[in-house]
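Read off the chains here:
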Amino acid sequence: MPAGTGQVRFLAGGAHGVPAVAVGAWGSAGGSGTGAGSVSQVVQYILSGVTVGSIYAIVAIGFNIIYSTTGVINFAQGEFVMLGGMVAVSLLRVFPLPVAVAGAVVTVALCGALLEIAFFRRLRHPSALQMIIITIGLSIVIQEAALHIWDEKVRSLPYFTGTEITSIHLFGAAVSPQVLWVLGTVSLAVLGLHAYFRYALAGKAMRACASNPEAALLMGIDAATMRTASFALSAGLGALAGCVMSPITMTHYEMGTGLAIKGFAAAILGGLGNHSAALVAGLAVGLAESCSVAVLPAAYKDAVAFGILVAVLFVRPHGLFGSAEVGTSSREF
Amino acid sequence: MERRSPILGVAALAVVVVAVHLLTAALGKPFYLTQLSMAAYYAIVVMGLCLVMGYAGQISLGHGAFFAIGGYTSAFLTTRNVGARLPAGLREALGHVGALAPRQDLYGADVVAVSPWLACAIALAVAAALALAVGYPALRLKGYYLAMGTLGFGLIIYRVLLGTDALGGVDGIVSVPPWHLLPGIEITGGKPHRVVNYYVAWGAALAVLLLILNLTESRVGRALRSIHGGERAANAMGVDTAGYKLKAFALSAVIAALAGCLFTHYNGGIDPSEAGVMKSVRYVALVATGGMANVWGALVLGAGLTFLSLRGWFGSFDHAVFGGLLIAIMSLAPEGPLRPLASWLARVGVRCRPRSGTGKPEPETGSPRSEAPNPRPET
Amino acid sequence: MRRVLAGLCGACLLMVAGAGVRGADTVKIGALFAETGPAAFLGAPETKTARMLAEQINAKGGINGKRLELVIKDTKGDPATCVSFAKQLIDEEQVLAIIGPSTSGETMQIKDLCEKNGTILVSCAAAEVIVNPVAKYVFKSPQKDSQAASWIFSTLKEKGLTKAGLLSDNSGFGSAGKKQVEEMAPKAGIEIAISEVYDKGATDLTDVLTKVKGKGVQAVINWSIVPAQSIVPKNMKQLGMEMPLFQSHGFGNIKYVEQAGAAAEGILFPAGRLLIADVLPDTHPQKAVLATYKRDYETAFKEPVSTFGGHAYDALMIVVTAVGKAGTDPEKVRGAIETMKGFVGTAGIFNFTAEDHNGLGLDAFEMITVKGGKFVPAKP
């Protein structure tokens, strides 16, 4: 099945080799490691780290939403991100970009809700073991389904603004405008969630279910609907992340697993259930990775994230900001 | 399980193994034995994992790493020309003792490498050491954290194997020599050795089965089950839960490593994907399918499903099948499908029988924790 | 040592002789491709190509009147599955030859197996170790990594550039390429100022490229598989790195250019002429084969042709041609392959010898660049 985005992108990109934002003479001779050069290098590493870190953060927040409302850790979170990108690319063939992205978010949110209804609602007092295994199974099945629905090819959405070669200069370093989109989306998501959980009735109801399911039930809150809603919210958020990162990272059917693992590392580093900590932790993991490249061979870059994961688990499982009561739904904001 | 000695059951299974061989010979399909042998080695890992997951109630998403560690250690030691770097006197002495095994490789070069026996022993020791080192902090965690911890461990091992050129990098280690067990019996993949290797593989599987069955019927097994049933209660009763969990974990790691060694010699090589997440998850799926605490199920269904997968029955949907199994089993029959299947069959049997008599009594289900939702009583 | 080899040959011959009947009027060839899984970008076009070719051959009456039966197995890129299927193909299906596997890791795991069993193996994987040391029954159809590296170096020298940075991924292809580049660079007079390995699934390489940029290199060489091949050029342009980017022959699909968009302009890489089949003069010896394959593949599957599918084309046609010449005795077919000269394939013109089981020389490659979103020869 053809990916179909290539033609669209060329039309949107304009004349080749003519960037929309100044690239100019920056770095054309290659950095030479002078004083000014190393400052801009450091800023560049930081920007790199923030780029990937914000992606990890949004995956971590997705984990937290479901965890705090249902106590389940959804290993399939990474797949929602992947599905967001895939569905958006398919929708792009018919609809303009904003509609495609919105359509993808809604579709994947619905999928998340359906998953919860189909697999989690029917279980009575499931053990942690059961939940883990089910979500792992779901992640595999979703991946394979994506392979057979789409195919193995890599695809991506066009850049929201600019093209593949535009870059914006900040403090001496250069980033693609899409990075600003990612950062903006993540910030909006965090703020939006904060407002939702604190001020919206539905959000407060979700928090209630997280802290004390029995009391919530007594107050007339339908825990089952809240759980479904939390899955839908988390899936939709993941899908949005998948769309906004697609031009940078590309979308392919296997991208979910790696994202899920690193996102989880960020989630437990911050403490499960703690949304703002997830943001900080995600950025921390991203920064650790990119800064490690500066001093170590890049081959060990992934080991940093896995190392953080293992270290946190073994040394301080409740994370930097979580409470010592591991396994209960801890504080949210 | 009932209290009769496990030896009878194992002997019965041994008869089945022989019968399968004769069947394949009679049907003119002797090449099935190859994949049955490979399936047996993978099933050994599943049995060991069953001990950890079903009896001790701990989850391990990184058991492929132990299989790989066993295989890689054994492969590395038996293919590297270590003898060439030793002084001649030491080399000869070790050769006499049987620690080194000089031979010629496929391209005619002389290689003096470690003998497979010693290599295997070292592999098991390495696996045990790693399991203890990882298990000690990991097993204090619960639920998700343990799962992610073992997953993280598996990922790190995978990356190390992938990134180390001395271990063959992405391509892994190849040209692993045959392992001479006894005169005339060697573990290798060639056609003339097929039948012998079939029995070696299944012999090993049955031996591990017997070992685990004996363990689970003993005091150790009861201690493990008490941990699974309720860790605080077990602690209160004086059971050293931490120690037992760790030992079960280490034992299962050693079993996985042993399977890895044997498999490597059989296949003549090993590669990093054996330590990958997909393989580890597959082992978990097979434990769940066989019945979490059912070692028989682990062996039979584990070997059976692996055999089908190796023969390509599931085509491109291979991963999806195992993922689907995970979901289905855990949602519908968390303690494994065999008991509910048996009781469902019994119900059907009762319904088909004439109204005289009460039919078969329901088998005692044992574990205090409820498993599959009870079937509504029929009138 | 020679006695051992002779004994081995004798044993092989005996096994082959005793191997039994190979269906009187069919020629059975096995294929192991990673149609799904992490190497699917290789295996999917290879599978499609092989199936299409087999149908075409049979439609034309088969090989010397005998029907070609192609048994294709999806290994999912997993070496243990590959070993299992290889044994199945050899023992059960009793194939005359096996084409594939798609990756070097899988090939290496079955190299000894095929050699011992006397089954011809024509691999579609790139690593040098597949044919070095030479195993009598094992061949490979993709070009040599070392020659790709040579082309990159000679082009660098032509441009007067001597300092390069090397990026490679941790896949089999990437690590094999890294080895070749690092070994050959000093002899070619090129300084590799920095060599970094990244994970093949990496999504953003700006940090690694920042490190490379800091070394003041004059060119960047990237040896990887997808999607990094499209990510590196984008990141480079975003960082303002204007120096030339060289890629490997893994860049062999116009889709990768599309994904890199405007950033792909000016990328230089050595590849088989399949990618520039349209602009080849009709007098070029490869033109007919390339144009036909491209047209057939793109019509049948509605996706652009790639060099990876071409490797499967070459592997299958090599075996088919040899069988056509020498019949179905494996020893004779092997000999026919080993003495095949001037075989026109998609990757180049093959000239096999007993020492060279790959058969492709430097002229199999052409330096290609991207202009206006299309592949064009670097030297028009």
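Bear in mind the structure is a predicted one, so any value in this text is a computation, not a measurement. (Residues numbered from 1 in each chain as written. Chains lettered and ligands numbered in written order. Predicted model: local features only at pLDDT ≥ 70, side-chain atom pairs only at ≥ 80, totals over all residues.)

(A) Seen up close, the overall build of chain B. For chain B, the helix and strand inventory stands at 14 helices and six strands. Taken over 379 residues, chain B has a buried fraction of 50%. In chain B, the proportion of contacts linking residues at least 24 apart, taken out of those at least 6 apart, comes to 77%. (Helix = DSSP H or I, 4+ residues; strand = E, 2+ residues; numbered from the N terminus. Buried ≥ 20, exposed ≤ 12 C-beta atoms within 10 Å, placed from the backbone. Contact = placed C-beta atoms within 7 Å.)

(B) Region of the structure containing the overall build of chain A. The number of helices and strands found in chain A is twelve helices and two strands. Along its sequence from the N terminus, chain A presents helices and strands in the succession α-α-α-α-α-β-β-α-α-α-α-α-α-α. Put simply, chain A has 333 residues, and 60% of those count as buried. Put simply, of all contacts in chain A between residues at least 6 apart along the chain, 77% involve residues at least 24 apart.

(C) A look at the interface of chain A and chain C. The interface is formed by 48 residues belonging to chain A together with 46 residues belonging to chain C. When residues of the side of chain A that touches chain C are traced back to their parent elements, those giving at least two are helix H1 (5–13), helix H2 (35–70), strand S2 (173–175), helix H9 (223–249), helix H11 (275–295) and helix H12 (301–315) of chain A. If one sorts the elements of the side of chain A that touches chain C by residue count, H2 of chain A sits on top with six residues. Split into classes, the residues belonging to the side of chain A that touches chain C amount to 19 nonpolar, 22 polar and seven charged. (Nonpolar A, V, L, I, M, F, W, Y, C, P; charged D, E, K, R; others polar.)

(D) Fine view of helix H5 (residues 128–149) of chain A. Between its first and last C-alpha, H5 of chain A extends 31 Å over 22 residues, near the 32 Å set by a 1.5 Å rise per residue. The buried fraction of H5 of chain A amounts to 17 of the 22 residues, a majority that puts the element mostly inside the structure. (Expected span 1.5 Å × (residues − 1).)

(E) Up close: the domain arrangement of chain B. Split by domain assignment, chain B resolves into domain 1 (6–334) and domain 2 (337–373). Here domain 1 of chain B and domain 2 of chain B have C-alpha centroids that lie 34 Å from each other. (Domains from an automatic or database assignment.)

(F) Region of interest: the packing of helix H5 (residues 116–138) of chain B against helix H10 (residues 241–267) of chain B. All names here are of chain B. Interhelical geometry of H5 versus H10 gives an angle of 145° and a closest axis separation of 8 Å. Note that H5 runs across H10; the crossing there is right-handed. Across the interface between the two elements, Pro-116, Cys-120, Ala-123, Leu-124, Ala-127, Ala-128, Ala-131, Leu-132, Gly-135 and Tyr-136 of H5 pack against Leu-246, Phe-249, Ala-250, Ala-253, Val-254, Ala-257, Leu-258, Cys-261 and His-265 of H10. (Axes fitted to C-alpha atoms, helices over the stretch in contact; angles between N-to-C directions. Left-handed = near helix turned anticlockwise from the far one by under 90°.)

(G) Examining the interface of chain C and chain B more closely. Each side of the interface is counted separately: chain C has 33 residues, and chain B has 31 residues. At the level of secondary structure, the elements contributing two or more residues to the side of chain C that touches chain B comprise helix H1 (2–17), strand S2 (67–74), helix H3 (79–92), helix H4 (104–117) and helix H6 (172–188) of chain C. The biggest single contributor to the side of chain C that touches chain B is H3 of chain C, with ten residues.

(H) Geometry of the pairing of strand S13 (residues 366–371) of chain C. Residues and elements named next belong to chain C. Direction of pairing for strand S10 (residues 268–271) relative to S13: antiparallel, over a ladder of four bridges. Bridging across to S13, Phe-269 finds its partner in Ile-368. Pairing of S13 with strand S14 (residues 374–377) involves four bridges; the strand directions are antiparallel. Among the inter-strand pairings, Thr-369 is bridged to a residue of S14, identified as Val-376. The loop that links S13 with its antiparallel partner S14 comprises two residues; one of these, Gly-372, has a positive phi angle of about 65°. (Pairing = 2+ DSSP bridges.)

(I) Summary view of the environment of Ala-298 of chain A. For Ala-298 of chain A, the location among the structural elements is in the loop between H11 and H12. Contacts of Ala-298 of chain A, omitting those with residues within four sequence positions, involve Val-293 of chain A together with Glu-196, Val-197, Tyr-198 and Val-208 of chain C.

(J) Structural view of the pairing of strand S6 (residues 163–169) of chain C. Residues and elements named next belong to chain C. Burial of S6 is extensive: six of the seven residues sit out of reach of the surface. Summarising the sheet, S6 and strand S7 (residues 191–198) pair through seven bridges and their orientation is parallel. If you follow Leu-166 over to S7, its bridge partner there is Ser-195. In the classification by handedness, the crossover that spans S6, the intervening H6 and the parallel S7 is right-handed. (Right-handed = clockwise from strand over helix to strand, strands pointing away.)

(K) Summary view of the packing of helix H11 (residues 307–326) of chain C against helix H12 (residues 330–338) of chain C. Residues and elements named next belong to chain C. With their axes 8 Å apart at the nearest point, H11 and H12 run at an angle of 115° to one another. Crossing geometry of H11 relative to H12 is assigned as right-handed. Judged by residue contacts, Ile-318, Ala-322, Val-323, Lys-325 and Ala-326 of H11 engage Lys-332, Val-333, Gly-335, Ala-336 and Ile-337 from H12. Residue classes in the contact of H11 with H12 are distributed as seven nonpolar, one polar and two charged.

(L) Inspection of the sheet that holds strand S1 (residues 26–33) of chain C at higher detail. Residues and elements named next belong to chain C. Strand order in the open sheet formed by five strands is S2-S1-S3-S4-S5, and the pairing between neighbours is parallel. Of all strands in the sheet, those bounded by a partner on one side alone are S2 and strand S5 (138–140). Looking at each pair of strands side by side, their axes are set apart by 20° on average, direction ignored. Alignment of S1 against strand S3 (residues 97–99), held across three bridges, turns out to be parallel. Bridge assignment links Ala-31 to a residue of S3, and that residue is Ile-99. Docked against the sheet, H4 engages S3, strand S4 (120–123) and S5, running at close to 140° with respect to S5.

(M) Examining the environment of Gly-189 of chain C more closely. Relative to the helices and strands, Gly-189 of chain C resides in the loop between H6 and S7. Setting aside residues no more than four positions away along its own chain, Gly-189 of chain C makes contact with Lys-157 and Thr-162 of chain C.

(N) Inspection of the nonpolar core at higher detail. In this structure, Met-47 and Ala-257 of chain B together with Ile-99 and Val-319 of chain C are the most contacted members of the largest nonpolar core, which totals 358 residues. Sort the elements by how many residues they give to this core and helix H2 (residues 32–55) of chain B lands first, with 19 residues. Here Ile-99 of chain C is in contact with Ile-29, Ala-31, Ala-50, Val-122, Cys-124, Ala-312, Ala-315, Leu-316 and Val-319 of chain C, once residues within four sequence places are set aside. (Core = buried A, V, L, I, M, F, W, Y, C linked by C-beta atoms within 7 Å.)

(O) Seen up close, the confidence of the model for chain B. All names here are of chain B. Of the residues in chain B, 88% have a pLDDT of 70 or more, and the chain-wide mean is 81. Predicted confidence in chain B is weakest over helix H14 (residues 338–352), with a mean pLDDT of 71, and strongest over helix H3 (residues 63–79), with 93. Here residues 356–379 is modelled with pLDDT under 50, and outside its nearest four sequence neighbours on either side it reaches 20 contacts, counting other chains as well. (pLDDT = per-residue confidence, 0-100.)

(P) View of the confidence of the model for chain A. All names here are of chain A. Residues of chain A with pLDDT of at least 70 account for 85%, and the chain-wide mean is 79. The spread of mean pLDDT over the elements of chain A runs between H1, the lowest at 36, and helix H3 (residues 77–92), the highest at 94. Residue range residues 325–333 is modelled with pLDDT below 50. Its contacts to residues more than four positions away, or to other chains, number 32 contacts.

(Q) Region of interest: the environment of Ala-166 of chain B. Within the secondary structure, Ala-166 of chain B sits in the loop between helix H6 (143–163) and strand S3 (173–174). The spacing of Ala-166 of chain B and Phe-76 of chain B is 90 residues in sequence and 8.8 Å in space, taken between C-alpha atoms.

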